[in-house]
Structure formats: structure tokens, C-alpha cells
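So the chains spell out like this:
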Amino acid sequence: MNICVIGTGYVGLITGVVFSDLGNEVVCVDKNEEKIACLRAGIMPIYEPGLEEMVGRNQDEGRLTFTTDLAQAVKKSDVVFIAVGTPPKDNGETDLSQVEAAARGIAGAMDRYKVIVNKSTVPVGTGDFVREIIETNRRRNVEFDVVSNPEFLREGSAIQDTLVPDRIVIGAPNQVVAMRILELYAPLERPMIITDVASAEMIKYASNAFLATKISFANAIANICESAGADVVQVVKGMGMDTRIGQAFLQAGIGYGGSCFPKDTRSLLHTAQKLGYPFPLLDAAIATNDEQPKRFIAKMEDALGGFEGKQVAVLGLAFKANTDDIRDAKSLDVIAALLAGGASVVAYDPIAVENTKKVFPQIAYAKNAFDAAHDADAVVVVTEWNEFKQINLDRLKETMKGDLIFDGRNLYDPVKMKRCGFRYVCVGRGNAANGVAAAQSVS
Ligand code: NAD
């Protein structure tokens with residue numbers, strides 16, 4: 001099939017390359033000329049395991065091309081995916097201007113029947129919005145259909161998630177259109193749900209809001225554990241063994257960040273309120289997440305006796321491991337607080353340094369964790385990169401001036417940390433320092 005994907009970000013680029021890998025002719029469009037020039041030259045604008053190889057192979061075989069010419073790309077395609085950004089406005093509402101611009105572009109270029117598939121995360125009702133824009137702006141009276149096909153990939157495992165998704169959601173106005181999109185995904189042999197457009201749009205937000213709420217629930221339990229002398233790591237492990245609950249998204253820490261959960265939860269809350277339902281549960285999940293980094297930073301400040309004049313190493317800048325994305329990353333909150341308090345910061349991340357330099361050009365960046373920790377009064381671990389999990393703690397201690405480790409992801413065994421001579425500050429492990437929880441843990 002001839003496919004056009006508008007937007008070559010995390011979602012658009014991965015969608016385009018995977019469809020081309022399945023044998024389709026795919027043209028990826030972006031308005032960012034630099035991005036397209038890089039992609040044509042084989043330089044990836046984002047980090048994603050396996051991406052460069054897959055793009056190169058499909059480019060070489062002529063199935064995958066990149067352009068800034070939206071009209072030409074739309075003209076030669078049967079199915080047009082919209083995968084542009086949907087950032088939040090200040091009031092939490094989703095800014096649909098990129099979707100609107102893409103829809104106008106499609107309308108102006110349509111010369112025959114097309115299926116327009118919305119892959120961007122958009123509020124319920126956006127399918128109708130896109131339909132209206134195209135109807136009003138099309139030059140000729142050509143037919144088209146608008147489908148919702150929300151994306152569930154996770155950065156860091158985006159290709160694998162696209163090849164082996166838990167489910168494929170297709171929201172279509174009728175069975176015939178649904179079948180056209182189903183055909184595209186059929187080679188993946190994954191579970192599919194075919195529904196109406198509004199329900200498909202809602203599935204995406206409800207899923208993200210539920211996962212975010214699960215994390216906030218674990219964080220709320222962690223905050224009680226801290227005062228109650230319990231260890232949240234043990235508590236969520238015990239909870240997660242219940243198959244009705246599950247282990248995923250139940251880890252306590254410094255709070256969720258990234259390009260999706262914060263904006264999608266706020267967007268759903270905004271939609272709910274607009275529709276007359278205040279959604280207090282989601283409101284509380286968001287408030288809990290807003291509080292979590294503040295609590296953690298307050299503990300840091302307390303243990304350090306203030307930030308003024310202190311040198312702090314920040315390990316991990318990406319909002320989670322295996323990505324270079326720092327959108328709404330908790331590292332940004334931590335660094336901002338450290339700088340505001342008068343600390344000097346040396347940061348390290350395996351791949352997110354370049355993106356962070358654009359936000360914090362004034363801090364120092366190290367080429368590895370030990371260099372970052374050199375002469376530091378404290379180390380704060382913000383991202384759960386594998387290379388931090390098994391870090392040589394004795395070497396880390398030797399290179400530091402101080403003995404404080406702030407662990408925003410509960411990566412380490414508190415007993416071991418104590419043995420290594422660290423003062424260890426983590427999240428929700430009230431009795432961890434005396435070793436009771438770790439001693440009873442059998443994994
Ligand atoms: P992104 O910001 O990385 O990429 C969006 C791209 O669209 C940019 O390259 C931008 O230049 C391009 N663009 C914007 N308007 C355009 C236009 N009119 N014509 C051509 N190109 C245009 O965004 P992303 O992270 O890929 O997310 C895209 C959508 O997918 C969002 O709605 C997001 O919420 C959703 N989503 C993201 C993820 C994720 O993990 N990143 C996962 C699931 C869903």
C-alpha cells in the first residue's frame with residue numbers, strides 16, 4: 001500500500017519505518033527541513049535502538065523516502081497518517097494546531113479518495129474536528145474517511161513495541177474503512193480492537209491516565225511507608241504479585257515525566273471538566289505527581305544542609321532509560337532546584353546530554369558517572385539507566401568528596417549502601433536503613 005506519514009518524531013518515524021519494513025511504500029513528511037535532510041543522509045534525529053539500521057535498509061530498498069513536500073506525499077498515498085505533536089496549552093488543554101495544519105495540508109492536496117488516520121494522541125472529538133477541516137478546505141469534492149489509530153509505543157523500545165504491540169486500536173466510521181487499516185496491521189498478527197472513532201480516542205487517554213494513576217498510587221503508598229517504617233519496594237512487590245494488580249507501573253520514585261503522561265493526564269482532566277465531570281481521582285493523581293519531586297528535593301536539601309556552595313552530580317537526564325527525550329524529565333526539576341539554591345551541578349547521561357545542554361547550557365557535563373561524581377558532596381540518581389544499577393559503589397565512594405546518595409528510582413539495596421559508607425536517601429523505604437526489609441526480601 002502507498003502510505004504517507006506526516007510528522008517524523010518518535011511516533012511518525014517509527015510508524016513509517018515499520019510499515020515500510022512490512023513491504024509498503026512509505027513517504028515520511030516533516031515541516032522541519034533540517035530533520036528531513038538528516039534523515040535523507042542517514043542521520044537519526046532521535047535515539048531509538050535498532051532505528052538507524054531499519055531506516056537505512058528500507059531507504060536502500062527504495063520503500064522509505066523523506067520529504068518536506070506534504071502535497072506530493074499526500075497525492076501519491078492511499079492512507080495518510082497524522083503523527084504530529086499535540087503539546088499542552090497552559091490550562092492543560094491539548095494544542096491541536098499541528099493537527100489542524102496537517103489536516104489543512106491534506107485537504108489542499110487530496111485528488112482522490114483517502115483514509116486519514118489520526119495517530120497523534122488527541123482528545124475525544126478530534127476525529128470530527130479533522131473531518132470538518134478537510135471538508136471545508138478540500139479543493140475538489142473527493143471522498144475521504146477519518147480513522148483513529150492511537151499509538152502505544154514506549155520510547156526506548158519503540159520498534160519492538162510497534163512490531164509486537166499488546167493491542168492495535170482502530171476507531172473507524174464503518175467496517176469497510178476499518179478493514180483497510182486492519183489489512184495494514186495484519187502481518188503483525190497482534191490482537192486488534194475495532195471500535196468507533198470517539199472510543200478509540202478515549203482508549204488512549206484512559207490507558208495513560210490509568211498508568212499514571214498507578215504510579216501516583218505507588219508514590220502515595222511510598223510517602224506513608226516513609227513515616228510508617230515500611231519499605232515500599234517490598235510493599236509494591238507484594239501487591240504486584242496479585243495478578244489482578246501486576247508489577248508494571250507500580251514503582252515508587254521521584255514521579256512520572258516524559259512527553260506523554262503529564263500532558264495526557266492534564267488533557268483528559270480538561271476534557272472531563274469541559275464535559276461536566278470534575279474527575280477528582282485523576283486530579284489527585286496529577287497533584288500527587290506534582291508533589292513527588294518537591295518532596296524528594298526537600299529531602300536532598302535537608303540532608304545536605306542547604307544547596308549553597310555544594311557540588312552535586314546528577315546521574316541520568318532522560319525522563320526514563322533508553323531514550324534521549326528530556327521532555328518533562330524530573331532531572332530538569334532537580335537541576336533547576338539545585339541551581340536556584342546555589343549548588344554547582346555536574347551532569348551525566350549516556351545519551352541525553354545534547355538535549356539537556358539546550359535547557360541548561362550553564363552546568364558542567366561529564367563523560368561518565370565517575371567523572372560526574374568526582375569531588376561531589378552528593379550524587380543524585382534520576383534515571384534508571386542499567387549502567388547505574390550495577391555501578392561500582394566503592395569506586396563511586398572513593399571519587400566523591402561527600403557520602404550522600406539520593407536515589408530517585410530506588411535502584412540500590414539500602415543495606416549495601418550503608419555498608420559502602422554512604423548516607424542513602426531514597427523513596428518510601430522507612431525501615432530500609434536498619435536492614436529489616438532487605439534481609440527478609442527473597443526474590
Ligand atoms: P514529536 O514532537 O517528536 O514529533 C512531531 C513531528 O511532527 C515533528 O518533527 C514536527 O516537526 C512534525 N510536524 C508538526 N507539524 C507538522 C506539519 N504540519 N507537517 C509536517 N510535519 C509536522 O512528537 P512525538 O513524540 O512523535 O508524538 C507525536 C504524537 O504521538 C503526539 O500526539 C504524542 O502525544 C503521541 N504519542 C507519543 C508517544 C511517544 O512516546 N513519544 C507515544 C504515543 C503517542
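Structure shown above.
Residues numbered from 1 in each chain as written. Predicted model: local features only at pLDDT ≥ 70, side-chain atom pairs only at ≥ 80, totals over all residues. Heavy atoms only, no water.

> What's the story with the packing of aromatic side chains in this structure? I'm lost.
Each aromatic ring pair is characterised by the separation of its centres together with the angle its planes make. Applying the stated rule across the entire model yields seven aromatic pairs. Where Y412 meets Y424, the ring centres are 6.3 Å apart and the plane angle is 65 degrees; that geometry is what we call edge-to-face. Taken as a pair, Y412 in the loop between strand 13 (404–407) and helix 18 (414–419) and Y424 in strand 14 (residues 423–425) lie far apart in primary sequence, twelve residues in all. With respect to class, Y412 is no different from Y424; both count as buried. Among the aromatic residues, those joined into a ring-pair cluster are F19, F81 and Y185. Here the guanidinium or amino end of R167 rests over the ring plane of F152, the centre of that ring lying 3.7 Å away. Above the ring of F370, the side-chain terminus of R395 is found at 3.8 Å from the ring centroid. (Phe/Tyr/Trp six-rings, centres within 6.5 Å; stacked < 30°, edge-to-face > 60°. Helix = DSSP H or I, 4+ residues; strand = E, 2+ residues; numbered from the N terminus. Buried < 20%, exposed > 50% of the residue type's maximum accessible area, 1.4 Å probe, protein only. Lys NZ or Arg CZ within 6 Å of the ring centre and 35° of its normal.)

> I tried to follow the nonpolar core on my own but got confused; where do I start?
For soluble globular proteins, nonpolar side chains are generally found buried alongside one another. V314, L338, V380, F388, F406 and Y412 are the most contacted members of the largest nonpolar core, which has 65 residues in total. Apart from the residues within four sequence positions on either side, V314 is in contact with I335, L338, V345, V346, A347, Y348, V380 and V382. Membership of the second largest hydrophobic core comes to 37 residues, among which are L51, L64, A83 and V115. (Core = buried A, V, L, I, M, F, W, Y, C linked by side-chain atoms within 4.5 Å. Contact = heavy atoms within 4.5 Å.)

> Any chance you could explain the environment of A272 here in plain terms?
Relative to the helices and strands, A272 resides in helix 11 (residues 261–274). Taking C-alpha positions, A272 is 23 Å from I170, a pair spaced 102 residues apart along the chain. Once you skip the residues sitting within four places of it in the chain, A272 turns out to touch Y277 and F279.

> I tried to follow the pattern of salt bridges on my own but got confused; where do I start?
Pairs may arise between side chains of opposite charge once their charged atoms sit close together. One pass over the full model with this rule turns up 26 salt bridges. Here D325 ties to R327 by a salt bridge, and the two come within 3.1 Å at their closest N and O atoms. The class for R327 is partly exposed, based on a relative accessible area of 45%. Within this structure, D21, E53 and R57 form a network of salt bridges that share partners. (Salt bridge = Lys/Arg side-chain N within 4 Å of Asp/Glu carboxyl O.)

> I'm lost on the site of the ligand in this one. Help?
Taken together, 26 residues lie near the ligand, and D30, K35, T86, E155 and K263 sit nearest. The contact in question runs from an oxygen atom of the ligand to an N or O atom on the side chain of T86, over 2.5 Å. Within the complex, 89% of the 840 Å² of free accessible area of the ligand lies under protein. Counting only elements with at least two residues in the shell around the ligand, the list comes to helix 1 (10–21) and helix 5 (97–109). (Near = heavy atom within 4 Å. Polar contact = N/O pair within 3.5 Å; in protein donor to acceptor, adjacent residues only side chain to side chain. Areas by Shrake-Rupley, 256 points an atom, 1.4 Å probe, with all protein chains shown as cover.)

> How should I be thinking about a nonpolar patch on the surface in this particular structure?
Taken together, the side chains of V124, M202 and L275 present a nonpolar region at the surface, about 260 Å² in accessible area. Positionally, M202 belongs in helix 9 (residues 197–228). (Patch = residues over 30% accessible without salt bridge, like charges linked within 9 Å, V, L, I, M, F, W, Y side chains within 5 Å.)

> Looking at this structure, how should I read the state of the cysteines?
Think of a disulfide as a covalent bridge from one cysteine sulfur atom to another cysteine sulfur atom. Following the criterion strictly, the structure yields zero disulfides and no others. With no disulfide of its own, C420 lies 14 Å from the sulfur of C426, the closest cysteine sulfur. The class for C420 is buried, based on a relative accessible area of 17%. (Disulfide = S-S within 2.5 Å.)

> What should I look at first to understand unusual backbone geometry in this one?
Leaving glycine aside, a negative phi is the common case for residues, and trans is the common case for peptide bonds. Despite not being glycine, D328 shows a phi value in the positive range, around 55 degrees. Along the chain, D328 turns up in the loop between strand 9 (311–315) and helix 13 (330–340).

> I'm lost on the environment of T288 in this one. Help?
Within the secondary structure, T288 sits in helix 12 (residues 280–304). The sequence separation of T288 and R57 amounts to 231 residues, and the corresponding C-alpha distance is 45 Å. Leave out the neighbours within four places in its chain, and T288 touches S216 and A220.

> Help me understand the pairing of strand 9 in this model?
The side chains of a regular strand alternate between the sheet's two faces. The buried count for strand 9 comes to four of five residues, which makes it a mostly enclosed element. Bridge count for strand 9 against strand 10 (residues 344–348) is five bridges, and the pairing is parallel. When the bridges of strand 10 are listed, Q311 appears paired with S344. Taken together, the four bridges between strand 9 and strand 12 (residues 378–381) define a ladder with parallel strand orientation. Within the sheet, the bridge partner assigned to V312 lies in strand 12 and is A378. (Pairing = 2+ DSSP bridges.)

> What should I look at first to understand the sheet that holds strand 14 in this one?
The pairing of strands in a sheet happens through backbone hydrogen bonds and is either parallel or antiparallel. The strand order across the open sheet built from six strands is 11-10-9-12-13-14, with neighbouring strands paired in parallel fashion. For this open sheet the edge positions go to strand 11 (364–365) and strand 14, each flanked by a neighbour on one side alone. Of the strand pairs in this sheet, strand 10 and strand 11 are connected by two bridges, and their pairing is parallel. Bridge assignment links A347 to a residue of strand 11, and that residue is Y365. Contacts from helix 12 reach strand 9, strand 12, strand 13 and strand 14, with the element oriented near 175 degrees to strand 13. (Axes fitted to C-alpha atoms, helices over the stretch in contact; angles between N-to-C directions.)

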